[in-house]
Amino acid sequence: MARVIVDAQAARAIGKGAMIVFKKGVVRTEGEIAPGDIVEVYTRGGKFLGKGFVNPNSNIMVRLVTKDRETKINKELFRERIKKANEYRKKVLGYDKAYRMVYGEADYLPGLIVDRFNEIASIQISSVGMERFKLDLAEAIMEAEPEIETVFEKNTGRSRRREGLPEIERVLLGKEKYRTVIEEGRAKFIVDMRGQKTGFFLDQRENRIALEKYVKPGMRVLDVFTYTGGFAIHAAVAGADEVVAVDKSPWAINMVKENAKLNGVEDKMKYIVGSAFPVMEEMIKRGEKFDIVILDPPAFVQHEKDLKRGLRAYFNVNYAGLQLVKEGGILVTASCSQHVDMQTFKDMVIAAAAKAGKFLKMLEPYRTQAPDHPILMASKDTEYLKALFLYVEDMK
């Protein structure tokens, strides 16, 4: 079996529990390797560290699957781990019908994401090695959760392209089904497999439910980057008089309308199809104000090299959002950029507030992704979502 030799820093990270090896941490390779091959990882001194899938064409050179030399990487291992991951969500976390069933290396299944929506499972594979086991993985998902009747392959996006994998979107196994309705707190949502990512953003679940306690009758709420209306529908269901949902995608706004009808809150909703920045700038010019403003943008920082530019985008959107919050109102702001840590995000929001002439008080502890997206303590790559609930006051 081919070998990958890593430097001391990469070896220490693996020793602490990290499950990926970046190309910059590789000293050399021994033997012939091709994308998707299984390789063993060693220190310079010859100590075995683990084995997993290699891709010499990717920034992530090796995705470790096991740190036990005797463990075989095969469909039986994946079947066992998928079952264990599902049981963790159901028995420990208490999830039932809609949850992230598998979260990559946090479940020792690197390059595999599985979201369950009732009887449909949506999978994303971002590893050439995992791609070779695709059908086996689908079968294992249905075995682990017998209620699942459809495995939908949602293999699209940057992560696939970076690995040199084709983009595919189809039913991989089971019944031809694309839609279902899930319940989340007091709200219901249509999940359509033909939408973005795995069909619905489950990582903000607890944060959306937490919003409800701050919504009161008579309030006006703005949800920017609404996608299919996650925060917006919760606000309307919780009693807001008016909720304005903004997204640049006409498809997404049509989904918000369907979700509003599903929840019986159509009369409370207003919809704007447009890019966030010009829409917010126009609102500011008109002097509009909202009791609650929610900012849940896409990842503005995809790579470390984009950090400065991405932070400027976060600053601009938060500065605009703060100008739209009433005195004594609430800002809910989030970032799903893995390369922006909580302190950096907090500092950016503080700077935006200073420019907007606002004082901020934390209403909630620092919030992150839902626990079905587990954070592996030794792997910062598994921690990405940050959310702040802030009380906004004018500087006087």
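Residues numbered from 1 in each chain as written. Predicted model: local features only at pLDDT ≥ 70, side-chain atom pairs only at ≥ 80, totals over all residues. Heavy atoms only, no water.

(A) Representation of the overall build of the chain within the structure. Across its full length, the chain holds 11 helices and 20 strands. On the principal axes, the C-alpha backbone points of the chain span a range of 65 × 45 × 35 Å. Here the chain, with 396 residues, has 56% of them falling under the buried criterion. Expressed as a percentage of contacts within the chain between residues at least 6 apart in sequence, the contacts between residues at least 24 apart total 65%. Total accessible area computed for the chain in this model is approximately 17,300 Å², and 51% of it derives from carbon and sulfur atoms. Looking at charge distribution, the chain has the averaged site of its 65 positive side-chain charges lying 3 Å from that of its 56 negative ones. (Helix = DSSP H or I, 4+ residues; strand = E, 2+ residues; numbered from the N terminus. Buried < 20%, exposed > 50% of the residue type's maximum accessible area, 1.4 Å probe, protein only. Contact = heavy atoms within 4.5 Å. Areas by Shrake-Rupley, 256 points an atom, 1.4 Å probe, with all protein chains shown as cover. Lys, Arg positive; Asp, Glu negative; His and termini not counted. Charge placed at Lys NZ, Arg CZ, Asp CG, Glu CD.)

(B) Broad picture of the packing of aromatic side chains. Scanning all chains against the criterion turns up 15 aromatic pairs. When the ring of Tyr103 is compared with that of Tyr384, the centres are 6.4 Å apart and the planes differ by 55°; the resulting orientation is tilted. You can see Tyr103 sitting in strand β7 (residues 98-103) and its partner Tyr384 sitting in the loop between β19 (358-362) and β20 (386-394), a full 281 residues away along the chain. Both residues of the pair, Tyr103 and Tyr384, count as buried. Ring plane angle 75° and centroid distance 6.4 Å describe the contact between Phe225 and Phe300, whose orientation is recorded as edge-to-face. Remark: Phe300 occurs in the loop between β17 (290-295) and α10 (307-323) and Phe225 occurs in the loop between β14 (220-224) and α7 (230-237); sequence separation between them is 75 residues. The buried category is assigned to Phe225, whose relative accessible area is 18%. Among the aromatic residues, those joined into a cluster by ring pairs are Phe225, Phe300, Tyr314 and Phe345. (Phe/Tyr/Trp six-rings, centres within 6.5 Å; stacked < 30°, edge-to-face > 60°.)

(C) Examining the UniProt feature "domain: PUA" (unreviewed entry) in the chain more closely. Those places that UniProt annotates as "domain: PUA" (unreviewed entry) correspond, in this numbering, to residues 2-87. Across residues 2-87 one finds 26% helix and 37% strand; the C-alpha atoms that close the span lie 34 Å apart. (UniProt positions renumbered as here; feature names shortened; annotations may be inferred.)

(D) Looking closely at the environment of Val191. By secondary structure assignment, the location of Val191 is in strand β13 (residues 187-192). Sequence-wise, Val191 and Ile120 are 71 residues apart; in three dimensions their C-alpha atoms are separated by 9.7 Å. Beyond its immediate sequence surroundings of up to four residues, Val191 is in contact with Phe117, Tyr178, Arg179, Thr180, Ile182, Gly199 and Phe200.

(E) Inspection of the sheet that holds strand β16 (residues 269-273) at higher detail. Ordered by their spatial adjacency, seven strands build an open sheet running β16-β15-β14-β17-β18-β20-β19, and the pairing between neighbours is mixed. Strands with a single pairing partner mark the edges of an open sheet, and in this sheet they are β16 and β19. Pairs of neighbouring strands in the sheet enclose a mean axial angle of 20°, with direction left out of account. Pairing of β14 with β17 involves four bridges; the strand directions are parallel. When the bridges of β17 are listed, Asp223 appears paired with Ile294. The strands that α7 touches are β14, β15 (242-247), β16, β17 and β18 (325-335); relative to β15, the one it contacts most, it runs at about 175°. Along the sheet face, helix α9 (residues 276-285) touches β14, β15, β16 and β17 and points at about 155° away from the line of β14. (Pairing = 2+ DSSP bridges. Axes fitted to C-alpha atoms, helices over the stretch in contact; angles between N-to-C directions.)

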